[in-house]
Amino acid sequence: MSGKKDIAKDVLSAVNKKTGKNITENAVKKLANGVNENTMQDEDELRKLIQSVSAMAKVPVSEKTINDIVGAVKKSGMNVNNMEMLMKLMLKK
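As a starting point, this report considers the structure included with it. Computed from a prediction, not measured in an experiment: that's the story for all the values here.

## Some points on the overall build of the protein chain
- Counting secondary structure elements, the protein chain contains six helices and zero strands.
- Counted from the first residue to the last, the protein chain has its helices and strands arranged as α-α-α-α-α-α.
- Across the 93 residues that make up the protein chain, the buried fraction comes to 24%.
- When the accessible area of the protein chain is evaluated, it comes to approximately 6900 Å², of which 54% is carbon and sulfur surface.

Take a look at the structure:
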């Protein structure tokens, strides 16, 4: 191992800690496999994705939070460099 931190596992651990739920890596991978560029650019698809994540985590997400996430995604253009900002927004809610 190169000694680098595994960001995906760190994020999953943070989500599990924040939600008090146990979301498995396989569940996240299964959901992620259905995500494509269109998902991030089509507001209806993005809303469905947010609701799917909410259901998987068994954590309700308010319409305001969904709107905030959609707005952040649109503003960032889903640039990979802006993913950290999006994760922080989702984890603070």
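Let's pick the thread back up.
## Observations concerning unusual backbone geometry
- Of note in the backbone geometry, lysine 58 takes a positive phi value of approximately 55° without being a glycine.
- Its place among the elements puts lysine 58 in the loop between α4 (43-57) and α5 (63-76).

## Quick word on the pattern of salt bridges
- Inspection of the entire model under this criterion finds five salt bridges.
- Ionic pairing is found between glutamate 43 and lysine 74, a salt bridge with its closest N-O pair at 2.6 Å. With glutamate 43 in helix α4 and lysine 74 in helix α5, this pair connects stretches of sequence that are 31 residues apart.
- We classify glutamate 43 as partly exposed; its relative accessible area is 30%.
- A salt bridge links glutamate 63 to arginine 47; its shortest N-O distance comes to 2.9 Å. Linking glutamate 63 in helix α5 with arginine 47 in helix α4, this pair joins segments that are 16 residues apart in sequence.

## Some remarks on the environment of serine 13
- Residue placement: serine 13 occurs in helix α1 (residues 7-19).
- Relative accessible area serves as the criterion here: at 44%, serine 13 is assigned to the partly exposed category.
- Expressed as a C-alpha distance, the spacing of serine 13 and glutamate 25, which sit twelve residues apart in the sequence, is 9.8 Å.

The rules behind these values
Residues numbered from 1 in each chain as written. Predicted model: local features only at pLDDT ≥ 70, side-chain atom pairs only at ≥ 80, totals over all residues. Heavy atoms only, no water. Helix = DSSP H or I, 4+ residues; strand = E, 2+ residues; numbered from the N terminus. Buried < 20%, exposed > 50% of the residue type's maximum accessible area, 1.4 Å probe, protein only. Areas by Shrake-Rupley, 256 points an atom, 1.4 Å probe, with all protein chains shown as cover. Salt bridge = Lys/Arg side-chain N within 4 Å of Asp/Glu carboxyl O.

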